[in-house]
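Secondary and tertiary structure notes
Chain residues, written in single-letter form:
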Amino acid sequence: MIEKELVIIGAGPAGLSAAIEASKANVDVLLIDENQKAGGQLFKQIHKFFGSSAHYSGVRGIDIGKELIQKCEDLGVEIWLDSVVIGVFPNKQIAVEKKGKGLKTIRAKKIIIATGASEKVINFEGWTLPGVMGAGAAQTMTNVHRILPGKKVLMIGTGNVGLIVSYQLIQAGAEIVGLVDTASKVSGYEVHSAKIEREGVPLYLDHTIFKAQGTKEKGVTGAVIVEVNKHFQPIKGTEKEIDVDVVAIAAGLKPLSELANMANCKKTYISKLGGWVPLHNENMESTEKGIYVVGDTTGVEEANTALEEGRLAGVDVAAKLKKLSNSESENIKKQINKRLKDLRLGPFGEDRLKAKKKLIKEYNKYIKAQRPVNDYNTGPKAVIECNQEIPCNPCESACKFGAITIGEPITNQPKLDEEKCIGCGLCLHKCPGLAIFLVDKNYDNKNSTVSFPYEFSDLPQEGEMVEALNRKGEYLCEAKVLKIKKLESFDKTPIVTILVPKKYADQARNLSPIGAD
Amino acid sequence: MNNRINNHPILGKREEKEKVEIIFDGNKITAEKGEMIAAALYANGIRINRYTIKYNEPRGIFCAIGQCTDCSMVVNGIPNVRTCITPVEKGMVIETQYGLKRSGKTND
């Protein structure tokens, strides 16, 4: 198992900038990307970015990509390319199919998920024909592979992606036969629209694509567009046949958050952000402690907002790992947040600003609802009640996850790392002093569970009601026996789990059959 | 057919790369070293990468970034290779994929 302080999944603008910030603060970073080259989608963005000078304004995406990669190289960031993260597992373990090396497992102290977004599609007759492709695909073909996807292209959608890709297809030598949108006005920036309108490209507003025509052998050979009424329904008799060899669909993007899902990050649906997005706090940390979500993964915006979100997470990770002082990190975060706010101003940004605020609000609501009686809230955790200097250490070797440390000398008292404890309970029967308990404070809304060894012959049955007792053997309440674990390897030390009201989680440590003295 | 963008107002002149021969459905075609298989085929006028298992419908490049799997083909005998993110190698044998298995046969 490889140990890393920070693993970043996805080397687009968000992942790269997170790596740079964390690495600047001497965090040990591993950046992983499934592509052969870092940079995400920056290398197909050959246009100049908007923003202020603090946001790389006026710089082309492709040059920003080069600069970010150079910075990572200068800082010595370890990058695995052509390597696919296939899963994020409990305890921040990551499985990676590393190029040429097979499956690797990494345990990270912190994880940043920056997996970006993918294109949405719209369905119409013929939409699966070769020659119908995402606008982003046409852009990749043109600007990255330098192959013109078609001579005559019909663009569906007049958002910024549709407008920009149309312009870039013209630059590369294609003819844009028109842009189609059901809306009555262009959805993207007017300045982008103006650039293609002055090339004589027709805009078919209040229109939709009816079908793509073609054959099994050739793919797309034409398209039919049609006017729509105010309910976006096609108006019969207004069909127009257009000679095209490519139909490009610019219908927006949707966040790629499968890994965040797998890591159990809570999500919500916000259409302005592209669909289902993981919740996060002001530092981009998800509902899973130590796992961050940045960039399009947590709401489709632009490359420059992704950059800033990545920075925010990188700085917070550095602070949490004590590589930056609180005042240093707060200072940097303040500057980043100011720039982020600027990028979400105006009529084009305010919806995103609102949506992002909602995301943070929902995060806070979720965390509040989850707040445990004490600190820990992620399933059962070991509670070690061993407070004297006894020369003894079986608990240390019993824990396969390295959550219990005694070290030298053997009389040290055991220390529990709650983040590493997965609540397996295998230390309970190992402790000769029977001093380890397993407590799940938030078993459900009202109850906690307490597990402890019980080496008496009146062992109850699962499902039976018993009396829960405190550390002095005093009656607390009636409790249900949820589970009896009795393995040969436990050497006659069964582990009993009882259900008690939350207020007794820190008190219940024993049981007695009902009515016994 | 030449759809390679040799001159570009922003990206400049295209770098000439070493030519390599690959085999597509039994025929020799020319590709450029290191370029993606799907790009090499597209440059040779080939934009159908596979036919679907159920309705035998053609599929071609759709996302171009390895997400959608529409460009899957049989490469050196291995089916379901995402050709938009797999680079060509000299002598590579590429076949149109029919359904989910080895190509060259019908969809049964």
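All of the points below concern the structure found in this document. (Residues numbered from 1 in each chain as written. Chains lettered and ligands numbered in written order. Predicted model: local features only at pLDDT ≥ 70, side-chain atom pairs only at ≥ 80, totals over all residues.)

Along its length, chain B carries one helix and ten strands. Its C-alpha atoms give chain B a radius of gyration of 14 Å, within 12% of the compact-globule value 13 Å for 108 residues. Counting only C-alpha atoms and orienting by the principal axes, one finds that chain B spans roughly 45 × 25 × 25 Å. (Helix = DSSP H or I, 4+ residues; strand = E, 2+ residues; numbered from the N terminus. Rg over C-alpha atoms; globule rule 2.2 N^0.38 Å.)

Time to look at unusual backbone geometry. Omega for the bond connecting Glu 408 of chain A with Pro 409 of chain A falls within 30 degrees of zero, at -10 degrees, which places this linkage in the cis form. Along the chain, Pro 409 of chain A turns up in the loop between β21 (404–405) and β22 (415–416). In this structure, Asn 91 of chain A takes a positive phi of about 65 degrees despite not being glycine. Examined against the element boundaries, Asn 91 of chain A turns out to sit in the loop between β4 (84–89) and β5 (93–98). When the 13 C-beta atoms within 10 Å are taken as the criterion, Asn 91 of chain A is described as partly exposed. The backbone phi angle of Asp 25 of chain B is positive, close to 45 degrees, even though this residue is not glycine. Looking at Asp 25 of chain B, the number of C-beta atoms within 10 Å reads 14, which means it is partly exposed. (Buried ≥ 20, exposed ≤ 12 C-beta atoms within 10 Å, placed from the backbone.)

Bringing the pairing of strand β24 (residues 447–453) of chain A into the picture now. All names here are of chain A. Taken across its seven residues, β24 has six buried, putting it largely inside the fold. Both strand β23 (residues 436–440) and β24 contribute to a ladder of three bridges, which runs antiparallel. Its bridge partner lying in β24, Val 439 is registered against Val 450. Joining the antiparallel neighbours β23 and β24 is a turn of six residues. By the bridge criterion, seven bridges tie β24 to strand β27 (residues 495–501) in an arrangement that is antiparallel. Following the sheet pairing, Thr 449 is matched in β27 by Leu 499. (Pairing = 2+ DSSP bridges.)

Let's shift gears to the interface of chain A and chain B. Every contact between the two is made by 24 residues of chain A and, on the other side, 26 residues of chain B. Sorting the residues of the side of chain A that touches chain B by element identifies β7 (117–119), β8 (132–134), α3 (135–144) and α4 (160–172) of chain A as the ones contributing at least two each. Ranked by residue count, the leading element in the side of chain A that touches chain B is α3 of chain A, at five residues. Classifying every residue of the side of chain A that touches chain B by side-chain character gives nine nonpolar, twelve polar and three charged. (Contact = placed C-beta atoms within 7 Å. Nonpolar A, V, L, I, M, F, W, Y, C, P; charged D, E, K, R; others polar.)

Attention shifts here to the pairing of strand β18 (residues 275–278) of chain A. Each regular strand displays side chains that alternate between the two surfaces of the sheet. All names here are of chain A. The pairing of strand β17 (residues 267–270) with β18 spans four bridges and is classified as antiparallel. Each bridged residue has a counterpart across the sheet, and for Ile 270 the counterpart in β18 is Gly 275. The hairpin formed by β17 and β18 contains four residues between the paired strands, and Gly 274 there has a positive phi angle of roughly 105 degrees.

Our focus in this paragraph is the sheet that holds strand β9 (residues 93–95) of chain B. All names here are of chain B. Reading across the sheet, the five strands line up as β4-β3-β9-β7-β8 and stay open at both edges, with mixed pairing between neighbours. Of all the strands in the sheet, just β4 (27–32) and β8 (78–82) have a single pairing partner and so form its edges. The average angle at which neighbouring strand axes cross in this sheet is 40 degrees, direction not considered. Bridge count for strand β7 (residues 72–75) against β9 is two bridges, and the pairing is antiparallel. Residue pairing across strands places Val 75 opposite Ile 94, the latter belonging to β9. (Axes fitted to C-alpha atoms, helices over the stretch in contact; angles between N-to-C directions.)

Time to look at the environment of Val 496 of chain A. All names here are of chain A. Relative to the helices and strands, Val 496 resides in strand β27. Val 496 gets classed as buried once you count the C-beta atoms within 10 Å, which come to 23. A C-alpha to C-alpha distance of 48 Å links Val 496 and Asp 82, two positions 414 residues apart in sequence. Sequence-distant contacts of Val 496, defined by excluding residues within four places in its chain, comprise Ser 451, Phe 452, Tyr 454, Val 481, Ile 484 and Leu 511.

Residues and elements named next belong to chain B. One open sheet holds the three strands; their spatial order is β6-β5-β10, and the pairing between them is mixed. The two strands at the open ends of the sheet, each matched to only one other strand, are β6 (58–59) and β10 (97–98). As judged from the two bridges shared by strand β5 (residues 50–51) and β10, these two strands associate in the parallel manner. Across the sheet, the residue bridging to Arg 50 is Gln 97, located in β10.

Turning next to the packing of α3 of chain A against α4 of chain A. Two quantities define a packed helix pair, namely the angle between the axes and the distance from one axis to the other. All names here are of chain A. Put simply, α3 and α4 touch, their axes get as near as 10 Å, and they point 30 degrees apart. Between α3 and α4, the crossing angle belongs to the class labelled roughly parallel. Crossing angle aside, the handedness with which α3 passes α4 is left-handed. On the side of α3, the interface is formed by Ala 135, Gly 136, Ala 138, Gln 139, Thr 142 and Asn 143, while α4 contributes Val 161, Gly 162, Val 165, Gln 168, Leu 169 and Ala 172. Among the residues making up the contact of α3 with α4, the classes are represented as six nonpolar, six polar and no charged. (Parallel < 35°, antiparallel > 145°, perpendicular 65-115°, else oblique. Left-handed = near helix turned anticlockwise from the far one by under 90°.)

By themselves, these figures tell us nothing about what the structure is for.
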